[in-house]
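# Report on the structure
Single-letter residue listing:
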Amino acid sequence: LSLIKGKIHKLIMCNSIIFLSIQDCPICFEELCSNSGYEENKASSVVYKLDKCGHVFHKSCLAAMYNSGPKDGSLQCPTCKAIYGVKHGNQPAGSMDYHVIPYSLPGYRESETIRIIYNIPPGTQGPEHPHPGKRYSARGFPRHCYLPNNDEGRKALRLLIIAWDRRLLFTIGTSATTSEPNTVTWNEIHHKTEFGSNLTGHGYPDPQYLDNLLMELGTQGVTEADL
Ligand code: APR
Ligand code: ZN
């Protein structure tokens, strides 16, 4: 919860407020002015109000909900699904570089091309990974990806840099392509890894691609508002 502090307001020790006495906490279904169903100490009747949607919960119920989830720095209101905080992933350590190459992509003949190079070496899984302490492999690195060097492509690049910094572009799991477990895989944000052709479906031309990419970034909480 400390990660999203500032987005939730500690209301009051609630027995001093009358209106709360008739509301139940939507998480534990106990009254907001009594103790949280999740914790029986004297602090557990503290209630928090989420600042965008205004829904109110026991502090310890929100904390229990956060701790039972991915603990990714974000929290979703269980009542109305509003999102608070900034979602982070568990992408393993590595590097992201990019430069412009003087060639154009199919479908973008008027622009040069941005080439992104991701490099992630194998390593040992941390506590945020599925099998802490176990090794993970990293296949096909460096992975080269392509965007048109136009306004849309440059915007996509800036958003991808943010997603990289939030550790959202790769994760560790079982590769859908190779079925290998404990390996570095793409994480729900599609990249174009083919340059001049489209034999894999991960190439150009694809007029929908940049819009889809912005949507996939948005699903991970990376939007133009972050630029
Ligand atoms: N290029 C881009 N994206 C791909 C590719 C590819 N060649 N292959 C699969 N994906 C997408 C899939 O569509 C899926 O949404 O990545 C997502 C995760 O698929 P996995 O197979 O689990 O991913 P991963 O093992 O990381 O990638 C497989 O991608 O870049 C290549 O060299 C890499 O051959 C490897 C392949
Ligand atoms: Zn809400």
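Residues numbered from 1 in each chain as written. Chains lettered and ligands numbered in written order. Predicted model: local features only at pLDDT ≥ 70, side-chain atom pairs only at ≥ 80, totals over all residues. Heavy atoms only, no water.

What follows concerns the coordination of the zinc ion (ligand 2). Geometry reference: four tetrahedral donors at a metal, ideal angle 109.5 degrees. Six octahedral donors, ideal angles 90 or 180 degrees. All of the protein donors around the zinc ion (ligand 2) are Cys53 (SG), His55 (ND1), Cys77 (SG) and Cys80 (SG); their distances to the metal are 1.8 to 2.6 Å. Geometry at the zinc ion (ligand 2) is tetrahedral, judged from its four donor atoms and the angles of 99 to 121° they form at the metal. The motif formed by the donor residues of the zinc ion (ligand 2), counted along the single chain, is C-x1-H-x21-C-x2-C. Separated by 24 residues along the polypeptide, cysteine 53 in the loop between β2 (46-50) and β3 (56-58) and cysteine 77 in the loop between β4 (74-76) and β5 (83-85) bring together distant segments of the chain. Classification of cysteine 53 as partly exposed rests on a relative accessible area of 24%. Judged by relative accessible area, cysteine 77 falls into the buried class, the value being 0%. (Donors = N, O, S within 2.8 Å, 3.2 Å for Na, K, Ca; no water. Tetrahedral: all angles 85-135°; square planar, octahedral: opposite > 155°, others 65-115°. Helix = DSSP H or I, 4+ residues; strand = E, 2+ residues; numbered from the N terminus. Buried < 20%, exposed > 50% of the residue type's maximum accessible area, 1.4 Å probe, protein only.)

This next bit is on the site of ligand 1. Around ligand 1 lies a shell formed by Gly140, Arg143, Ser175, Ala176, Thr177, Val184, Thr185, Trp186, His190, His191, Thr193 and His202. One of the side-chain N or O atoms of histidine 190 is found 2.7 Å from an oxygen atom in ligand 1. Against a free-state accessible area of 620 Å², the protein chains account for coverage of 73% of ligand 1. If you map ligand 1 onto the pockets, it falls in the largest pocket. Broken down by element, the residue count for the shell around ligand 1 peaks at three residues, all from strand β12 (residues 183-186). The residue inventory of the shell around ligand 1, partitioned by class, reads three nonpolar, eight polar and one charged. (Near = heavy atom within 4 Å. Polar contact = N/O pair within 3.5 Å; in protein donor to acceptor, adjacent residues only side chain to side chain. Areas by Shrake-Rupley, 256 points an atom, 1.4 Å probe, with all protein chains shown as cover. 1 Å grid on protein atoms, 1.4 Å probe; cavity = no way out; pocket = protein on both sides within 12 Å on 5 of 7 lines; lining within 4 Å. Sits in = over half its atoms within 2 Å of the grid points. Nonpolar A, V, L, I, M, F, W, Y, C, P; charged D, E, K, R; others polar.)

Before going further, it helps to examine the side chain of histidine 129. Summarising the element assignment, histidine 129 is placed in the loop between β8 (123-124) and β9 (135-136). Among the residues examined, histidine 129 registers a relative accessible area of 8% and is labelled buried. Of note is the side chain of histidine 129, whose polar atom sits 2.9 Å from the backbone nitrogen of glycine 126. Setting aside residues no more than four positions away along its own chain, histidine 129 makes contact with Asn90, Arg167 and Ile172. (Contact = heavy atoms within 4.5 Å.)

A few words now on helix α2 (residues 151-165). When the terminal C-alpha atoms of α2 are compared, their 22 Å separation across 15 residues agrees well with the 21 Å that a helix rising 1.5 Å per residue should span. At its buried positions, α2 is contacted by β6 (95-101), β7 (113-119), β10 (143-148), β11 (170-173) and α3 (209-219). Positive phi appears at arginine 167, one or two residues downstream of α2, with a value of about 65°. (Expected span 1.5 Å × (residues − 1).)

Worth remembering: the numbers are spatial, not functional.
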